[in-house]
Every structure is written in C-alpha cells, then in structure tokens.
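Here is how the chains run, residue by residue.
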Amino acid sequence: MQLGLPFQREAARGDTVVMVGGHPVRAVFVRHRRARHYILRVLADGSLRVTLPWRGSRAEAERFVRTREAWIARERYARSLEAGRRGLPPEEERRLRQQAERDLPARLRELARQHGFTVGPVTVRAQRSRWGSCSPTGRISLNWRLVQLPAEVADYVLLHELAHLTHLNHSARFWREVERICPWHREARAWLRGNARLHAFGL
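As a starting point, this report considers the structure included with it. Keep in mind it's a predicted model, so treat the numbers as computed, not measured. (Residues numbered from 1 in each chain as written. Predicted model: local features only at pLDDT ≥ 70, side-chain atom pairs only at ≥ 80, totals over all residues. Heavy atoms only, no water.)

### Remarks on the packing of aromatic side chains
Under the defined criterion, the tally for this structure stands at two aromatic pairs. Seen in terms of ring centroids, F174 and W175 are 4.9 Å apart; in terms of plane orientation they differ by 75°. Their pairing is edge-to-face. For W175, a relative accessible area of 23% translates into the label partly exposed. Lying over the aromatic face of W54, R33 brings its terminal NZ or CZ to 4.1 Å of the ring centre. For the cation-ring pair, R58 lies above F29, with the distance from its terminal atom to the ring centre recorded as 4.0 Å. (Phe/Tyr/Trp six-rings, centres within 6.5 Å; stacked < 30°, edge-to-face > 60°. Buried < 20%, exposed > 50% of the residue type's maximum accessible area, 1.4 Å probe, protein only. Lys NZ or Arg CZ within 6 Å of the ring centre and 35° of its normal.)

### Some details on the packing of helix α5 (residues 172–181) against helix α6 (residues 185–193)
Following both chains from N to C, one finds α5 and α6 inclined at 105°, their axes separated by 9 Å at the closest point. As judged from the angle between their axes, α5 and α6 are roughly perpendicular. Counted together, W175, V178 and E179 of α5 and H185, R186 and R189 of α6 form the full contact between these two elements. The class makeup of the residues in the contact of α5 with α6 is two nonpolar, one polar and three charged. (Axes fitted to C-alpha atoms, helices over the stretch in contact; angles between N-to-C directions. Helix = DSSP H or I, 4+ residues; strand = E, 2+ residues; numbered from the N terminus. Parallel < 35°, antiparallel > 145°, perpendicular 65-115°, else oblique. Contact = heavy atoms within 4.5 Å. Nonpolar A, V, L, I, M, F, W, Y, C, P; charged D, E, K, R; others polar.)

### Some details on the pairing of strand β5 (residues 48–53)
The element β5 is largely enclosed, with a buried count of five among its six residues. Bridge analysis of strand β4 (residues 39–42) against β5 gives four bridges, and the strand direction is antiparallel. Its bridge partner lying in β5, L40 is registered against V50. The antiparallel pairing of β4 with β5 creates a hairpin that spans five residues between the two strands, and G46 there sits at a positive phi of about 90°. (Pairing = 2+ DSSP bridges.)

### Here we look at the nonpolar core
Grouped together as the largest cluster of nonpolar side chains are 34 residues, with contacts concentrated most on L104, L108, L142, L146, L149, Y156 and L162. Breaking this core down by element, the ones donating at least two residues are α3 (90–115), β6 (122–125), β8 (140–143), α4 (151–163), α5 and α6. For this core, the leading source of residues is α4, giving eight residues. (Core = buried A, V, L, I, M, F, W, Y, C linked by side-chain atoms within 4.5 Å.)

### So, α6
Looking only at α6, the buried set comprises H185, A188 and L192. Relative to the axis of α6, the buried residues are bounded by an arc of 65° and lie together on one face. The secondary structure elements touched by the buried residues of α6 are α4 and α5. (Arc of directions from axis to C-beta.)

### A few points about α3
Compared with the 38 Å implied by 1.5 Å per residue over 26 residues, the 37 Å span of α3 between its first and last C-alpha is a close match. Along α3, the largest kink reaches about 30° and is centred on A100. After α3 finishes, the residue G116 shows a positive phi value of roughly 80°. (Expected span 1.5 Å × (residues − 1). Bend = angle between axes of the 7 residues up to and from the residue.)

Written as structure tokens, this is what we have:
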C-alpha cells in the first residue's frame with residue numbers, strides 16, 4: 001500500500017505534524033552548522049527530528065522525510081516495542097489511550113461507511129489477549145494498543161471485526177468477506193505472526 005505523507009503546520013509550536021499512515025506524527029526540523037546531509041531520527045516518544053545542513057532547503061528536507069515513510073513506520077513500531085518492554089510511562093500510556101478513544105471508533109465508522117456496514121456501540125478497552133472482538137449483538141470492542149501498530153495492520157483488525165457483523169465465526173464465508181474488504185489481510189496477518197510479542201493477541 002502507498003501511504004501519503006501530507007504536511008500540516010502548527011505555527012504556535014513551530015513544529016510540523018506529518019501524517020504517516022493516517023496517524024499524526026510530530027516532527028521538529030533543526031538546522032546544524034556541521035551537518036552535511038539531511039538526517040532523520042525517530043525519538044523514543046515516536047516523534048521525528050530532522051536535521052538540515054545550515055544552508056539546506058526546508059522543502060528538500062520535507063521531500064526527504066516523504067521518501068522515508070516505510071522506515072519511519074518500522075522505527076516507530078520498534079520504539080513502541082521498546083516502550084512496551086520497559087512499560088510505558090503513565091503519561092504516555094494515558095496519551096495513547098486518549099488517542100485510541102478518539103481515533104479508533106472514528107476510523108472504524110469510516111471503514112464501515114466505505115464498505116456498507118452499520119456499526120452499533122464501539123468501546124475501546126485494554127484487553128490482554130485480543131486486538132478486537134464483536135459480540136452477537138454487534139457491539140465491537142477494540143484494544144487501545146492498536147494505535148501502536150502500523151496503520152494498515154490496524155485497519156486489518158478493524159475490518160476483521162466489521163466482517164464479524166456479517167459472519168460471527170471464522171468460516172470460509174467469513175474469510176471471503178475479509179478478502180473482499182481487506183485484500184491485504186494475508187500480509188497484515190503475516191506481519192502480526194512475525195512479531196512474537198503479539199502472538200497472544202491472535203487474529
């Protein structure tokens with residue numbers, strides 16, 4: 001999947017918000033007299049630091065960030081794994097939970113509209129063994145940690161739960177529905193299987 005990386009300005013803070021896979025990421029652009037090349041770092045909190053040569057072009061720096069989108073997604077996920085092993089600082093976990101409560105139901109409803117589903121109540125929780133679930137009454141629960149996954153993998157989980165609104169099982173009909181609405185589901189499932197830390201969450 002090709003993911004856009006449009007830029008939006010935040011003049012009050014002097015930062016830039018970049019959209020990586022549909023998720024806003026804070027970036028700070030800094031000039032350095034000794035820098036000879038554009039340098040991109042993903043910090044521990046998932047934000048970006050972009051170093052420019054003293055006479056470098058800001059526009060060129062932004063183009064450089066766009067070319068590194070896949071690397072940014074991988075590095076941000078690696079930082080989230082490191083934070084998970086250490087245990088997130090309370091303020092960071094609180095921020096991520098707030099982001100999840102704001103973004104995940106909205107994204108689920110957006111995907112539902114795109115694919116013709118009617119969604120009932122949506123809750124965001126801290127499940128220990130599931131990324132998401134769909135009850136027989138159509139209530140969908142999502143794990144707040146989905147905001148730490150690459151966007152296309154998180155979308156797969158949301159689409160997986162939407163498919164359960166039609167087929168509350170994992171039958172062949174269910175997987176045909178998943179194939180219809182999420183053609184990249186095999187890649188997403190392989191990605192989840194490839195990350196040992198996530199095995200317990202299934203899907």
